[in-house]
Amino acid sequence: MSNDRWNAVDTYFTDHLAPADEALTAALEASDAAGLPQIAVAANQGKLLHLLALVQGARRILEIGTLGAYSTIWLARALPSDGQLVSLEYNPAHAEVARANLARAGLDKLVEVRVGAALDSLGALEAEGAGPFDLFFIDADKVNNPNYVEWAVKLSRPGSLIIVDNVVREGAVADTASEDPAVVATRRMVELVGEHPRLTATAVQTVGVRGYDGFLLARVQG
Ligand SMILES: C[S@@+](CC[C@H](N)C(=O)[O-])C[C@H]1O[C@@H](n2cnc3c(N)ncnc32)[C@H](O)[C@@H]1O
Ligand SMILES: [Mg+2]
């Protein structure tokens with residue numbers, strides 16, 4: 001089946017179930033204008049994040065990898081008015097675009113974008129006694145995915161959800177011989193999750209406007 005077919009189906013679903021609005025469109029346009037890479041989640045994936053946060057009744061969300069805050073907007077829109085989302089971003093230029101996009105979306109009071117290497121910010125969050133978070137969206141440098149999952153468990157409560165994006169690596173995740181650091185780390189993360197005594201999880205392959213990919217969903221048990 002061709003990418004054209006995947007795109008057409010994604011567009012059909014998105015038009016009917018996850019239509020763009022002014023703030024989402026403006027966020028993507030501002031991200032493009034600032035030269036950010038076009039690697040945000042697709043609209044229907046953003047809506048899935050939104051729905052997962054709603055189903056979870058999430059009040060506190062931690063995102064690792066902000067880019068222009070497109071996924072952040074979908075997630076933050078599921079929060080109650082006293083909710084909080086912390087999004088960790090390494091690149092100050094990305095964070096600047098993200099903050100402007102969040103302000104335009106009216107979400108700047110709910111969302112804090114923290115600049116720095118996520119591993120440093122996660123340490124700082126723990127030291128501050130932040131958490132527990134109800135939902136984690138991990139979508140940054142893939143080589144650190146095992147570390148990010150460990151941190152998510154540390155900052156979780158029983159029942160927290162952990163979503164890890166882009167786990168398929170164009171199918172290479174099943175390649176035991178791959179030496180690609182992102183693939184090796186993703187495999188380590190999947191196996192860590194599978195063996196973790198406090199996690200129950202699955203992973204799903206997806207196709208669509210972002211090509212062939214997939215995500216992992218885990219729940220922290222008691
Ligand atoms: C795939 S993009 C995030 C996309 C965003 N979640 C969305 O779907 O709209 C990954 C982001 O992670 C950031 N990043 C890369 N390494 C990082 C690190 N060590 N700590 C924090 N952020 C990092 C990149 O600068 C980039 O903005
Ligand atoms: Mg992603």
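Residues numbered from 1 in each chain as written. Chains lettered and ligands numbered in written order. Predicted model: local features only at pLDDT ≥ 70, side-chain atom pairs only at ≥ 80, totals over all residues. Heavy atoms only, no water.

In the annotation of an unreviewed UniProt entry, the protein is listed under the name O-methyltransferase and assigned to Streptomyces formicae.

(A) Looking closely at the coordination of the magnesium ion (ligand 2). Around the magnesium ion (ligand 2), the donor atoms from the protein are D139 (OD), D165 (OD) and N166 (OD1), and they sit 2.1 to 2.2 Å away. We note that the donor set of the magnesium ion (ligand 2) lies within a single chain, spaced as D-x25-D-N. (Donors = N, O, S within 2.8 Å, 3.2 Å for Na, K, Ca; no water.)

(B) View of the pairing of strand β6 (residues 199–206). Across eight bridges, the pairing between β6 and strand β7 (residues 213–220) is antiparallel. Bridge pairing in β7 links L199 to V220. Hairpin geometry of β6 and β7 is characterised by an intervening segment of six residues between the two adjacent antiparallel strands and by a positive phi of about 155 degrees at G208. (Pairing = 2+ DSSP bridges. Helix = DSSP H or I, 4+ residues; strand = E, 2+ residues; numbered from the N terminus.)

(C) Up close: the packing of aromatic side chains. Going through the model one piece at a time under the given rule, you end up with two aromatic pairs. Each ring, one from F133 and one from F136, has its centre 5.9 Å from the other, and the planes form 65 degrees; the classification is edge-to-face. Taking relative accessible area as the criterion, F133 reaches 0% and is therefore assigned buried. Judged by its relative accessible area of 1%, F136 falls in the buried class. Residue placement shows R60 over the ring face of F133; its charged tip is 4.5 Å from the ring centre. We note K154 situated over the ring of W151; from NZ or CZ to the ring centre the distance is 4.1 Å. (Phe/Tyr/Trp six-rings, centres within 6.5 Å; stacked < 30°, edge-to-face > 60°. Buried < 20%, exposed > 50% of the residue type's maximum accessible area, 1.4 Å probe, protein only. Lys NZ or Arg CZ within 6 Å of the ring centre and 35° of its normal.)

(D) Structural view of the site of ligand 1. Among the 22 residues in the neighbourhood of ligand 1, the closest are listed as S71, E89, H94, A118 and D139. A distance of 2.9 Å is found between a nitrogen atom of ligand 1 and a side-chain nitrogen or oxygen belonging to S71. One of the side-chain nitrogen or oxygen atoms of E89 is found 2.6 Å away from an oxygen atom of ligand 1. Elements supplying a minimum of two residues to the shell around ligand 1: α4 (70–76) and β2 (84–89). Looking at the shell around ligand 1 residue by residue, the class counts come to twelve nonpolar, six polar and four charged. (Near = heavy atom within 4 Å. Polar contact = N/O pair within 3.5 Å; in protein donor to acceptor, adjacent residues only side chain to side chain. Nonpolar A, V, L, I, M, F, W, Y, C, P; charged D, E, K, R; others polar.)

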